[in-house]
Amino acid sequence: MNYRFHVLGVPHTKTTEDFVACAYTQKVLKFCKMMTERGHHVIHYGTEGSNPICSENVEVLSEETWQKVYGDHEYKKKLFTYEISDEAYQEFHKKGIEEVGKRKQKHDFLLPFWGHGNRAICDAHNDLIVVEPGIGYSAGHWAKWKVFESYALLHAYRGLKSVGTCDLDWYETVIPNYFDLKDFKVGPEERDDYMLFVGRVYDGKGVNVAIQVTEKLGVRLKVAGQLDPSYESYNWPDHVDFVGYVGVEERKELMSKAMGSYVASMYIEPFGGVQIENLLCGTPTITTDWGAFTENNIHGVTGYRCRTFKDFVDATRRVINKEISYEDCRNQGEKFSLENVAPMYEKYFRDVMNVYTKNGWYEL
């Protein structure tokens, strides 16, 4: 069965590969391609200049307004800045409400990929089936139908009360993030002489751990990403090369040539897409031992999960010594391909549609 999706983009970005640093923008871009190519009708609503593969691309935020509000922000150097009350968001919401109203049909799905940042449009069209399709945020959940990126996040959302109380919802499900295999390649058997960190450059993502471990071992480290204010004036040690913002092709090259990569998030990571991106390049990952990493980083197979400085040092030595198979990393990464994840979404949308059109949970 084919479905109709109204896909809401992220107002402070454009749905293009250029905004690779925004995981939610990239989820919109990939979802549009994934579902359109499987025959579903996908209508994308976004900023002028967006270019997703879809059935219809509707501009609900003008280039003029986007430039007025965000044009002087160097997003390739600094973290994104926005306010849901700013002029760009208000235009996006107002026109989005209008354009969805022109196109909606009974039993269409309305998908707020940016969560609360898209809610105004969803509230105006509560006659549609509103699904939060990729929850990786820590607050602002509201839709009846919810898809989380990991069991770690679903369980954190539900909290300790659900350990002793039978209050779970059959339709609060987990579907992982998904990736386009064309964006990645497995690197050579003989890698370059560096370890890698890609992500938001701040201690919350563990860049400080990567720096300290490689300094201890005398190993080169390459760091790529947007700078948090705490690192804008940072004096990089001699063994660290800061390469700045990287696009899809630059990321592919960096990851495929690295000996290994650090993803040492200091919070419960909802998913950590960079970890899977590395695996798709055959690159072992060294992570913390919580959040989605406990599901996706198979200790001793795709890398190592660590809790002490010694753990990180030992893991790095083992990665450099090639104790992790590049092929095993790639095989794990491919589980998150568009082709493998799309059927999970289709099953979920079918189950939800059954609530509206058939016997719901009891439909056989």
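Treat the numbers as computed from the prediction; the structure is a model and nothing was measured.

1. Here's the deal with the overall build of the protein
At step 1: Of the regular secondary structure elements, the protein holds 13 helices and 13 strands.
At step 2: The C-alpha radius of gyration of the protein comes to 21 Å, within 12% of the 21 Å expected for a compact globule of 364 residues.
At step 3: Counting all 364 residues of the protein, 56% fall into the buried class.
At step 4: The long-range share in the protein, meaning contacts at least 24 apart out of those at least 6 apart in sequence, stands at 65%.
At step 5: Surface exposure of the protein reaches about 15,900 Å², of which carbon and sulfur atoms provide 50%.
At step 6: Distance between charge centroids for the protein: 3 Å, based on 43 positive and 53 negative side chains.

2. What about the sheet that holds strand 11 (residues 260-263)?
Consider a sheet: its strands pair through backbone hydrogen bonds, and that pairing is either parallel or antiparallel.
At step 1: Read from one edge of the open sheet, 6 strands run 10-9-8-11-12-13, paired in parallel fashion. In this open sheet, the two strands that pair with only one neighbour each are strand 10 (240-244) and strand 13 (303-306). Strand after strand, the sheet turns through a mean of 20 degrees between neighbouring axes, direction not considered.
At step 2: Pairing analysis gives 3 bridges linking strand 8 (residues 194-198) to strand 11, with the strands arranged parallel. Residue leucine 196 lies in a different strand from strand 11, and its bridge partner there is serine 261.
At step 3: Packing of helix 7 (residues 207-217) onto the sheet brings it into contact with strand 8, strand 9 (220-224), strand 10 and strand 11, and relative to strand 9 it is tilted by some 165 degrees.
At step 4: Relative to strand 12 (residues 285-288), helix 9 (residues 273-280) is tilted by about 160 degrees, and along the sheet it contacts strand 8, strand 11 and strand 12.

3. Regarding the side chain of threonine 16
At step 1: Relative to the elements of secondary structure, threonine 16 occurs in the loop between strand 1 (4-8) and helix 1 (23-36).
At step 2: With residues up to four places along the chain from it excluded, the contact list for threonine 16 reads Thr25, Gln26, Leu29, Gly49, Ser50 and Asn51.

4. Side note on the nonpolar core
At step 1: Of all hydrophobic cores here, the largest spans 45 residues; its most connected members are Met195, Leu221 and Ile286.
At step 2: Mapped onto this core, the elements with two or more residues apiece are strand 8, helix 7, strand 9, helix 8 (248-257), strand 11, helix 9, strand 13 and helix 11 (309-320).
At step 3: Membership of the second largest hydrophobic core comes to 35 residues, among which are Val60, Leu110, Ala143 and Leu154.

5. Focus on the sheet that holds strand 3 (residues 56-61)
At step 1: Pairing is parallel in the open sheet, where 7 strands are placed in the order 3-2-1-4-5-6-7. Of all the strands in the sheet, the pair left with one neighbour each is strand 3 and strand 7 (172-174). Geometrically, the sheet is characterised by an average inter-axis angle of 20 degrees between neighbouring strands, direction not taken into account.
At step 2: Pairing between strand 2 (residues 41-47) and strand 3: 5 bridges, direction parallel.

6. Looking at the packing of aromatic side chains
At step 1: Under the definition given, this model contains 34 aromatic pairs.
At step 2: Look at tryptophan 145 and tyrosine 356: their rings are 6.0 Å apart centre to centre, the planes differ by 55 degrees, and that puts the pair in the tilted class. Of this pair, tryptophan 145 sits in strand 6 (residues 145-148) while tyrosine 356 sits in helix 13 (residues 338-357), placing them 211 residues apart in sequence.
At step 3: Tryptophan 145 gets classed as buried once you look at its relative accessible area, which sits at 4%.
At step 4: Accessibility expressed as a relative area gives 36% for tyrosine 356, which makes it partly exposed.

7. Things to note about the packing of helix 9 against helix 12 (residues 326-333)
At step 1: Interaxial distance between helix 9 and helix 12 falls to 7 Å at its minimum, and their mutual angle equals 130 degrees. As the angle between them shows, helix 9 and helix 12 are arranged oblique. The crossing of helix 9 and helix 12 is left-handed. On the side of helix 9, the interface is formed by Ile276, Leu279 and Leu280, while helix 12 contributes Cys329, Arg330, Gln332 and Gly333.
At step 2: Residues that form the contact of helix 9 with helix 12 fall into these classes: 4 nonpolar, 2 polar and 1 charged.

8. Quick word on unusual backbone geometry
At step 1: For histidine 107, which is not glycine, the phi dihedral falls at a positive 70 degrees.
At step 2: For lysine 322, which is not glycine, the phi dihedral falls at a positive 60 degrees.
At step 3: Examined against the element boundaries, lysine 322 turns out to sit in the loop between helix 11 and helix 12.
At step 4: Take lysine 322: its relative accessible area is 34%, and that puts it in the partly exposed class.

9. A word on the side chain of serine 337
At step 1: Position of serine 337 among the secondary structure elements: in the loop between helix 12 and helix 13.
At step 2: Judged by its relative accessible area of 3%, serine 337 falls in the buried class.
At step 3: Sequence-distant contacts of serine 337, that is, excluding residues within four places in its chain, are made with Tyr178, Phe179 and Leu181.

10. Topic: the pattern of salt bridges
At step 1: If you walk through the whole model with that rule in mind, you get 35 salt bridges.
At step 2: Between lysine 146 and glutamate 172 there is a salt bridge, with its nearest N and O atoms 3.8 Å apart. Here the residue lysine 146 occupies a position in strand 6, and glutamate 172 occupies one in strand 7, the gap between them amounting to 26 residues.
At step 3: Between lysine 252 and glutamate 249 there is a salt bridge, with its nearest N and O atoms 3.6 Å apart. Of this pair, lysine 252 and glutamate 249 both sit in helix 8, separated by 3 residues, roughly a single helical turn.
At step 4: Since its relative accessible area comes to 48%, glutamate 249 is described here as partly exposed.
At step 5: One salt-bridge network, held together by shared partners, links Glu56, Glu98, Glu99, Lys102 and Arg103.

What counts, and where the lines are drawn
Residues numbered from 1 in each chain as written. Predicted model: local features only at pLDDT ≥ 70, side-chain atom pairs only at ≥ 80, totals over all residues. Heavy atoms only, no water. Helix = DSSP H or I, 4+ residues; strand = E, 2+ residues; numbered from the N terminus. Rg over C-alpha atoms; globule rule 2.2 N^0.38 Å. Buried < 20%, exposed > 50% of the residue type's maximum accessible area, 1.4 Å probe, protein only. Contact = heavy atoms within 4.5 Å. Areas by Shrake-Rupley, 256 points an atom, 1.4 Å probe, with all protein chains shown as cover. Lys, Arg positive; Asp, Glu negative; His and termini not counted. Charge placed at Lys NZ, Arg CZ, Asp CG, Glu CD. Pairing = 2+ DSSP bridges. Axes fitted to C-alpha atoms, helices over the stretch in contact; angles between N-to-C directions. Core = buried A, V, L, I, M, F, W, Y, C linked by side-chain atoms within 4.5 Å. Phe/Tyr/Trp six-rings, centres within 6.5 Å; stacked < 30°, edge-to-face > 60°. Parallel < 35°, antiparallel > 145°, perpendicular 65-115°, else oblique. Left-handed = near helix turned anticlockwise from the far one by under 90°. Nonpolar A, V, L, I, M, F, W, Y, C, P; charged D, E, K, R; others polar. Salt bridge = Lys/Arg side-chain N within 4 Å of Asp/Glu carboxyl O.

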